[in-house]
There are 2 protein chains.
Amino acid sequence: MFISELKKRLGTDKVTQNETELYRHSKDESPHPPVEPDVVCFPENTEDVVTIVEIADQFGVNVTPYGAGSGLEGQAIPINKGISIDFERMNKVLDFSPEDLTVTVQPGITRMQLNDLINKHGLQFPIDPGADASVGGMVANNASGTTAVKYGSMRDQLLNLEIVLANGKVIRTGTRAKKSSSGYNLTGLFTGSEGTLGIVTEITLRLHGIPEHIIAARCTFDEIETCAAAATMILQSGIPVLRMELVDAQSIATVNAYGDYDIPVAHSLFFEFAGTKGGTEEEAATAEELMRELGCNGWETAGTSKERAQLWKARHEMSYAYSHTEGVVVAGGDVCVPISKLPEMVHLARELTDASGLKSGVFGHVGDGNFHTIIAFDPNNPEERARAEQANEALARRAIEVGGSCTGEHGVGLGKRQLQQAEHGEALEIMKQMKQMLDPKNLFNPGKIFP
Amino acid sequence: MFISELKKRLGTDKVTQNETELYRHSKDESPHPPVEPDVVCFPENTEDVVTIVEIADQFGVNVTPYGAGSGLEGQAIPINKGISIDFERMNKVLDFSPEDLTVTVQPGITRMQLNDLINKHGLQFPIDPGADASVGGMVANNASGTTAVKYGSMRDQLLNLEIVLANGKVIRTGTRAKKSSSGYNLTGLFTGSEGTLGIVTEITLRLHGIPEHIIAARCTFDEIETCAAAATMILQSGIPVLRMELVDAQSIATVNAYGDYDIPVAHSLFFEFAGTKGGTEEEAATAEELMRELGCNGWETAGTSKERAQLWKARHEMSYAYSHTEGVVVAGGDVCVPISKLPEMVHLARELTDASGLKSGVFGHVGDGNFHTIIAFDPNNPEERARAEQANEALARRAIEVGGSCTGEHGVGLGKRQLQQAEHGEALEIMKQMKQMLDPKNLFNPGKIFP
Ligand SMILES: Cc1cc2nc3c(=O)[nH]c(=O)nc-3n(C[C@H](O)[C@H](O)[C@H](O)COP(=O)(O)OP(=O)(O)OC[C@H]3O[C@@H](n4cnc5c(N)ncnc54)[C@H](O)[C@@H]3O)c2cc1C
Ligand SMILES: Cc1cc2nc3c(=O)[nH]c(=O)nc-3n(C[C@H](O)[C@H](O)[C@H](O)COP(=O)(O)OP(=O)(O)OC[C@H]3O[C@@H](n4cnc5c(N)ncnc54)[C@H](O)[C@@H]3O)c2cc1C
């Protein structure tokens with residue numbers, strides 16, 4: 001059957017049914033129930049991926065790509081079993097062109113591996129989901145993170161993708177030019193399609209210079225909605241922040257306990273300003289003035305890069321801080337709303353999460369109008385799970401009502417399928433037709449995105 | 001037949017066969033031969049557009065949207081006749097939300113009309129094709145201009161589109177949130193589709209603050225490729241320019257003569273730096289140092305906003321400067337290449353245009369690797385036309401070979417169809433399937449994009 005065919009055509013070292021591997025590829029970082037694939041493949045190049053897709057097509061078996069498994073909505077779970085494609089061996093830099101500020105990589109390289117290679121050239125790939133995700137997984141989810149307020153999302157970094165289609169053909173979606181008005185924009189379409197339309201085998205990214213100077217700062221407010229209102233004021237006043245994160249008091253207490261940090265426990269805004277020395281100092285000073293006018297409780301800057309690193313380490317550990325306890329998993333919300341709706345929405349988020357009676361936090365990339373809830377529950381307690389899910393769903397539905405999106409960066413996967421009709425209306429039909437057109441046998445990552 | 005049906009259902013004041021109007025809608029600013037539509041409609045709202053599409057579908061008549069007619073590749077020419085939809089009456093602002101930095105407009109509003117309304121709130125819509133194009137036309141072409149190096153192209157400004165599909169259904173492609181990972185990215189797909197996939201009836205744009213401080217500067221070099229090399233150095237050094245334009249000596253002489261300007265005739269780089277006062281001064285100083293190291297002939301800053309406005313007025317008149325002569329039209333190239341290829345490509349551009357023996361210029365938005373050629377010829381002289389077209393085509397083919405695009409911002413229309421296979425390869429097949437899926441009867445703007 002298909003597994004022996006895979007072994008025959010790829011070689012046995014690229015195909016495994018080892019129990020540990022099957023289990024590892026049955027899940028991601030979400031609370032969705034694991035499902036093991038029948039087999040895991042480790043392609044080493046595009047031709048291997050084409051071979052896998054040809055065999056999948058021939059035997060009518062499903063294919064689900066797997067990056068670093070850090071997804072938060074079950075995107076990489078092979079719910080119909082079949083083949084899990086793990087890209088860890090496809091982690092090479094294929095072309096690095098510092099003079100063009102571009103790099104072409106295979107999808108399995110992680111964001112930190114990439115930065116390790118390019119930072120010494122004064123360049124960076126700034127998109128930073130908390131986890132050390134694979135670049136392919138980040139493309140598939142249109143990931144972003146704390147720096148999206150300055151650099152945009154994953155889609156904004158992409159110049160070209162190589163895609164293996166369900167019919168086994170290989171296409172390129174772009175060029176190495178920074179912009180183009182030629183033909184239809186397939187790069188943007190495949191980005192965020194969560195492995196349901198095609199498999200990404202090569203990615204050309206634009207890179208950014210490492211800012212000359214960075215200032216980090218922090219201030220706190222008594223009310224969470226004042227924090228959010230203050231964030232919107234920064235945006236409206238046009239101060240170009242590199243990062244602007246809201247973290248509620250609950251989450252600060254939780255991360256302090258987890259990482260032995262000593263961050264003052266209060267609803268907080270964390271900032272980073274980047275650019276020339278003079279420019280950032282002016283920006284930070286203007287921001288401080290504005291925050292003080294709005295009645296913040298003090299304004300502290302983190303001078304050294306070590307202090308700064310510490311701060312963002314804590315920020316990136318936020319989710320693990322909630323989930324590390326044995327026997328606890330977390331469900332996360334990820335709404336993105338017009339920025340004027342932020343104060344009312346973070347207030348609602350705290351109300352809904354409080355009402356769930358579960359340990360919870362509210363934090364996020366408020367510079368984009370994007371924030372998260374995190375609700376810890378016992379996965380073996382269906383009633384707790386329901387309460388957590390209900391709180392997140394109520395928040396997401398309200399986000400859609402106020403003109404926003406049910407997911408700013410985590411993607412749809414299994415967890416946001418039931419919200420697609422509310423968010424997209426008639427357009428959902430077009431999306432289904434695209435799926436049908438590009439993958440008529442529904443081979444690729446079935447059951448994701450569509451309800 | 002369909003015209004009486006249009007009159008019946010829309011009302012006679014929205015439907016015309018007036019000869020002047022038919023002629024006006026037979027052409028754009030390109031040298032492609034005019035073709036008159038059978039009828040021109042002036043819808044006033046989305047329902048009117050749906051009505052037009054229903055009638056077109058019923059009678060099997062083609063529909064070609066028309067914005068401001070400033071396209072440079074014949075995109076708005078109704079080559080199969082039928083209905084031309086003029087959006088000039090759909091030019092309203094539907095929702096302006098300064099606190100969200102967003103505005104929702106109808107497609108017929110022009111970029112200058114929009115800026116007139118929002119600039120007084122300290123906000124701007126920065127995308128500036130030389131012409132006063134309609135926002136709908138700019139969406140359809142994924143237009144950009146001098147500020148793309150800072151703000152990106154049209155696609156980067158879009159949060160949501162309302163689209164009338166060929167089946168008469170109306171969809172929304174996004175929300176008012178700044179980012180989203182929900183569903184497939186239809187906003188990006190319809191952007192740049194030149195009216196071939198759907199008709200844009202509403203557009204939600206992100207707006208930007210007007211920079212606090214701007215410094216304009218200019219320097220010249222003896223060789224055009226040194227100009228280009230200098231531009232790439234600016235980018236590589238990470239100086240965040242607002243604008244960076246290359247203009248060759250020929251074009252400066254031409255625009256001086258046309259507009260009675262007094263700009264020194266030499267291969268030039270024009271810069272704008274924007275931000276805080278301190279920041280821009282530092283940036284300009286760093287740029288000056290770099291340019292002097294590269295051996296520029298002097299560095300001049302334009303202090304007052306009047307001087308600056310004068311400079312950019314001249315820049316925007318560049319194309320008219322070549323085409324205003326009676327009995328002369330211009331053919332334009334619009335390649336976009338990886339920035340390291342700029343010096344060799346602008347050199348090649350001057351060689352090819354010189355070799356054409358026709359009056360010609362090379363200039364463009366080199367901060368994106370995007371530049372134009374402009375070649376003036378007598379439209380009644382087929383041999384001159386052929387020489388102009390050959391020069392541009394040779395340049396475009398070379399741009400594709402070096403990893404770039406045949407059009408950075410002007411679009412495909414009629415003029416770049418023959419280059420689509422070379423640029424997109426197998427992906428062109430997918431684009432054709434999308435067209436087939438969304439517009440199976442080929443009602444919308446037939447003959448554009450595809451060869
Ligand atoms: C602590 C923590 C913090 C996080 N913070 C953020 C955040 O701030 N912002 C954010 O956006 N996300 C965040 N995430 C979520 C996660 O990191 C992102 O969704 C990331 O993009 C997933 O990448 P991955 O490589 O782990 O992909 P996986 O989880 O392995 O897979 C995700 C999806 O991508 C598909 N896929 C993977 N590779 C390919 C390929 N080559 N071709 C086609 N499809 C492919 C999979 O099939 C699946 O659908 C966080 C996660 C954690 C655990
Ligand atoms: C002097 C000059 C300088 C220029 N400089 C630049 C530049 O720097 N950068 C740049 O990008 N372009 C430039 N252009 C080209 C032109 O301005 C752009 O292509 C612009 O986007 C065209 O907009 P328009 O409203 O004139 O569209 P039109 O020319 O009327 O139409 C263009 C296309 O858009 C479609 N369209 C129009 N409205 C809709 C709608 N509502 N729904 C669907 N499709 C629609 C039409 O069918 C057609 O395919 C320049 C043109 C001139 C004359």
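In this text, all values refer to a predicted model and were calculated from it rather than measured experimentally.

> Explain the site of ligand 2 residue by residue, including any values.
Residue and element names in this part refer to chain B. Taken together, the neighbourhood of ligand 2 is formed by 37 residues, with Pro65, Gly67, Ser70, Ser134 and Asn141 sitting nearest. One nitrogen or oxygen atom from the main chain of Gly71 is found 2.8 Å from an oxygen atom belonging to ligand 2. At a separation of 3.3 Å, an oxygen atom of ligand 2 approaches a polar side-chain atom of Asn445. Look at ligand 2: alone it shows 980 Å² of surface, and the protein chains cover 97% of it. Within the residue set of the shell around ligand 2, elements represented by two or more residues are β3 (63-66), α5 (135-141), β10 (199-206) and α12 (318-323). Residue contributions to the shell around ligand 2 peak at five residues, all from α5. For the shell around ligand 2, a count of residues per class yields 16 nonpolar, 18 polar and three charged.

> Pulling in residues and values, what's your account of the sheet that holds strand β17 (residues 360-364) of chain A?
Residues and elements named next belong to chain A. If you trace the seven strands from one edge of the open sheet to the other, you get β15-β12-β14-β13-β17-β18-β16, paired in antiparallel fashion. Of all strands in the sheet, those with a lone pairing partner are β15 (299-302) and β16 (329-336), marking the two edges. Each strand of the sheet is rotated relative to its neighbour by a mean of 20 degrees, with strand direction disregarded. With two bridges joining them, strand β13 (residues 241-247) and β17 adopt antiparallel strand pairing. Paired with Val247 across the bridge in β17 is Phe363. Here helix α10 (residues 277-293) sits on the sheet and contacts β12 (213-221), β14 (267-275) and β15; the angle it forms with β14, its principal contact strand, is near 155 degrees. Along the sheet, helix α11 (residues 305-316) makes contact with β12, β13, β14, β15, β17 and β18 (370-377), crossing β14 at roughly 130 degrees.

> How would you summarise the site of ligand 1 if you had to cite specific residues and measurements?
Residues and elements named next belong to chain A. By nearness alone, 37 residues border ligand 1, and Pro65, Gly67, Ser70, Ser134 and Asn141 come closest of all. Within the backbone of Ser144, a nitrogen or oxygen atom sits 2.9 Å from an oxygen atom of ligand 1. The protein chains hide 97% of the 970 Å² of surface that ligand 1 would expose on its own. The element contributing the most residues to the shell around ligand 1 is helix α5 (residues 135-141), with five residues. Of the residues that constitute the shell around ligand 1, the class distribution is 16 nonpolar, 18 polar and three charged.

> An account of the packing of helix α8 (residues 224-236) of chain A against helix α13 (residues 342-355) of chain A is requested, with residue identities and associated values reported.
Residues and elements named next belong to chain A. The geometry of α8 relative to α13 is characterised by a closest axis approach of 8 Å and an angle of 150 degrees between their N-to-C directions. In terms of orientation, α8 and α13 fall into the roughly antiparallel class. With respect to the hand of their crossing, α8 and α13 are arranged in right-handed fashion. Across from Ile224, Glu225, Ala228, Ala229 and Thr232 in α8, the residues of α13 making contact are Leu342, Pro343, Val346, His347 and Arg350.

> A description of the relation of the copies chain B and chain A should follow, citing residues and the corresponding values.
The operation linking the two copies of the chain is a rotation about an axis combined with a translation along the axis. Superposing chain B onto chain A takes a rotation of 180 degrees combined with a translation of 0.0 Å along the rotation axis, leaving an RMSD of 0.0 Å. A rotation of that kind, with that shift, is consistent with a two-fold axis. Measuring from the rotation axis to each C-alpha of chain B, the shortest distance belongs to Gly279 of chain B, at 2.0 Å. A high fraction, 100%, of the interface residues of chain B reappear at the interface in chain A, so the copies pair face to face through one surface.

> Kindly report on the side chain of Ser268 of chain B, identifying the contributing residues and their values.
Residues and elements named next belong to chain B. Mapped onto the elements, Ser268 comes out in strand β14 (residues 267-275). Within the local environment of Ser268, its side chain forms a polar contact with the backbone oxygen of Ala266, the two atoms lying 2.7 Å apart. Apart from the residues within four sequence positions on either side, Ser268 is in contact with Cys219, Thr220, Cys227, Glu245, Leu246, Val247 and Ile252.

> Report on the nonpolar core, specifying residues and quantitative values.
Judged by nonpolar contacts, the single largest core of 128 residues is most densely connected at Leu269, Phe271 and Met291 of chain A. Non-local contacts of Phe271 of chain A, meaning those with residues more than four positions away in its chain, are made with Ile215, Ala216, Ala217, Cys219, Ile234, Val241, Arg243, Met244, Met291, Trp299 and Trp312 of chain A. Formed by 42 residues, the second largest nonpolar core is a distinct cluster that contains Val149, Phe273, Leu290 and Ala399 of chain B.

> Just give me the short version of the packing of aromatic side chains, but keep the residues and values in it.
Residues and elements named next belong to chain A. Inspection of the entire model under this criterion finds six aromatic pairs over all chains. Between Phe271 and Phe273 the ring centres are 5.8 Å apart and the planes differ by 10 degrees, which places this aromatic pair in the stacked class. The rings of Phe271, Phe273 and Trp299 are connected pair by pair, giving a single aromatic cluster. For the cation-ring pair, Arg243 lies above Trp312, with the distance from its terminal atom to the ring centre recorded as 4.8 Å.

> Requested: an account of the UniProt feature "domain: FAD-binding PCMH-type" (unreviewed entry) in chain A, with residues and values cited.
Here the UniProt feature "domain: FAD-binding PCMH-type" (unreviewed entry) sits at residues 32-210 of chain A. The span residues 32-210 of chain A is 21% helical and 23% strand by assignment, and the distance between its end C-alpha atoms comes to 38 Å.

> For the pattern of salt bridges, give the residues involved together with the corresponding values.
Within this structure, the stated rule accounts for 61 salt bridges over all chains. Glu409 of chain A serves as the salt-bridge partner of Lys179 of chain B, at 3.1 Å between the closest nitrogen and oxygen. Of the two residues, Lys179 of chain B is situated in the loop between β9 (170-172) and α7 (186-190) and Glu409 of chain A in the loop between α14 (382-401) and α15 (420-424); the pairing between them involves two chains. Like Lys179 of chain B, the residue Glu409 of chain A is buried in the burial classification. For Arg315 of chain B, the salt bridge identified is with Glu245 of chain B, shortest N-O distance 2.6 Å. Of the two residues, Arg315 of chain B sits in helix α11 (residues 305-316) while Glu245 of chain B sits in strand β13 (residues 241-247), which places them 70 residues apart along the sequence. The same class applies to Arg315 of chain B as to Glu245 of chain B, namely buried. A cluster of three or more residues bridged by salt bridges with shared partners is formed by Glu21, Arg24, Asp86 and Glu88 of chain A.

> Can you lay out the interface of chain B and chain A for me, pointing to particular residues and giving the numbers?
Contacts between the two partners involve 79 residues from chain B and, on the opposite side, 79 residues from chain A. When the two sides are added together, the surface that chain B and chain A hide from each other amounts to roughly 6000 Å², 57% of it contributed by carbon and sulfur. At the junction of chain B and chain A, the tally comes to eight salt bridges. A salt bridge links Lys179 of chain B to Asp368 of chain A; the nearest nitrogen and oxygen atoms lie 3.2 Å apart.

> I'd like a description of the domain arrangement of chain A, backed by residues and values.
For chain A, the domain assignment lists domain 1 (2-86), domain 2 (93-209), domain 3 (213-319) and domain 4 (325-427). Summarising the inter-unit geometry, the C-alpha centres of domain 1 of chain A and domain 3 of chain A are found 41 Å apart.

> Break down the state of the cysteines for me, with residues and values.
All names here are of chain A. As enumerated under the stated definition, the model contains zero disulfides over all chains in all. Cysteine Cys296 is unpaired, with the sulfur of Cys219 as its nearest cysteine sulfur at 4.5 Å. The buried category is assigned to Cys296, whose relative accessible area is 11%.

> Pulling in residues and values, what's your account of the packing of α8 of chain A against α10 of chain A?
Residue and element names in this part refer to chain A. The contact between α8 and α10 brings their axes to 10 Å, and the two run at 140 degrees. Taken together, the axes of α8 and α10 are oblique relative to one another. Seen along the crossing, α8 lies across α10 with a hand that is right-handed. For the pair α8 and α10, the contacting residues are Ala230, Met233 and Ile234 in the first and Ala287, Leu290 and Met291 in the second. The class makeup of the residues in the contact of α8 with α10 is six nonpolar, no polar and no charged.

> Residues and numbers for the sheet that holds strand β5 (residues 93-97) of chain A, please.
All names here are of chain A. Strand order in the open sheet made by the five strands is β5-β6-β10-β8-β9, with antiparallel pairing throughout. In the strand order of this sheet, the two ends are held by β5 and β9 (170-172), each with one partner. Between one strand and the next, the sheet's axes are offset by a mean angle of 10 degrees, whatever the strand orientation. Relative to strand β10 (residues 199-206), strand β6 (residues 102-105) runs antiparallel, the two sharing four bridges.

> An account of the pairing of strand β8 (residues 158-164) of chain A is requested, with residue identities and associated values reported.
With seven of its seven residues buried, β8 of chain A lies for the most part within the structure. Counted between consecutive antiparallel strands, the loop separating β8 of chain A from β9 of chain A contains five residues, among which Gly168 of chain A sits at a positive phi close to 85 degrees.

> Can you break down the environment of Thr16 of chain B residue by residue, with the values?
All names here are of chain B. Inspection of the secondary structure assignment puts Thr16 in strand β1 (residues 15-16). For Thr16 and Asp38, which are 22 residues apart along the polypeptide, the C-alpha to C-alpha distance reads 9.1 Å. Apart from residues lying up to four places away in sequence, Thr16 is in contact with Glu21, Leu22, Val39, Val40 and Phe42. Among the polar contacts made by the side chain of Thr16, one reaches the main-chain amide nitrogen of Asn18 at a distance of 3.0 Å.

Here is what the cut-offs are and how they apply
Here the residue numbers are simple positions, counted from 1 along each chain's written sequence. To label them, take the chains in the order written and letter them from A, then take the ligands in the order written and number them from 1. Per-residue local features of the predicted model are confined to residues with pLDDT of at least 70, and side-chain atom pairs are confined, for both listing and counting, to 80 or more; whole-chain, interface and lining totals are unaffected and use all residues. Hydrogens are left out, water is left out, and the side-chain values use all remaining heavy atoms of the structure. Proximity criterion: a residue is near a molecule or strand once any of its heavy atoms comes within 4 Å of it. Here a polar contact means two N or O atoms within 3.5 Å. Within protein one must be a hydrogen donor candidate and the other an acceptor candidate, and residues neighboring in sequence count only if both atoms are side-chain atoms. The accessible surface values rely on the Shrake-Rupley method and a 1.4 Å probe; as for residues, cover is taken only from the protein chains in view. Each helix is a run of DSSP H or I of at least 4 residues and each strand a run of E of at least 2, with the numbering of both proceeding from the N terminus. Residues are grouped as follows: nonpolar covers Ala, Val, Leu, Ile, Met, Phe, Trp, Tyr, Cys and Pro; charged covers Asp, Glu, Lys and Arg; every other residue, Gly included, is treated as polar. Any two strands with at least two DSSP bridges between them are considered paired. As a rule, the C-alpha atoms of each element are fitted with a line to give its axis, helices using only the stretch in contact, and angles between N-to-C directions run from 0 to 180 degrees. Any two residues whose heavy atoms approach within 4.5 Å at even a single point are treated as in contact. Each angle is binned into one of four classes, with values under 35 degrees roughly parallel, values over 145 roughly antiparallel, values of 65 to 115 roughly perpendicular, and all other values oblique. Throughout, a crossing is termed right-handed when the near helix is turned clockwise from the far one, and left-handed when it is turned anticlockwise from it by less than a right angle. Superposition of the copies was done by least squares, using only C-alpha atoms of residues whose pLDDT is at least 70 in both. By nonpolar core is meant a set of buried Ala, Val, Leu, Ile, Met, Phe, Trp, Tyr and Cys residues that side-chain atoms within 4.5 Å join together. Each residue's exposure class comes from its accessible area (1.4 Å probe, protein chains only) as a fraction of the maximum for that residue type: buried when under 20%, exposed when over 50%, partly exposed otherwise. Put simply, two rings from Phe, Tyr or Trp (the six-membered ring, in Trp's case) pair if the centres are within 6.5 Å, and we call them stacked under 30 degrees between planes, edge-to-face over 60, tilted for the rest. Only Lys NZ and Arg CZ are tested; either one counts as a charge over a ring when it is within 6 Å of the ring centre and within 35 degrees of the ring normal. UniProt positions are given in the numbering used here, feature names are shortened, and annotations may be inferred rather than shown by experiment. Salt bridge, as applied in this entry: a Lys or Arg side-chain nitrogen positioned within 4 Å of an Asp or Glu carboxyl oxygen. In short, buried area is how much 1.4 Å probe accessible area vanishes from two parts on joining, totalled over both. The source of the domain bounds is an automatic or database domain assignment. Note on disulfides: each one is a pair of cysteine sulfur atoms within 2.5 Å.

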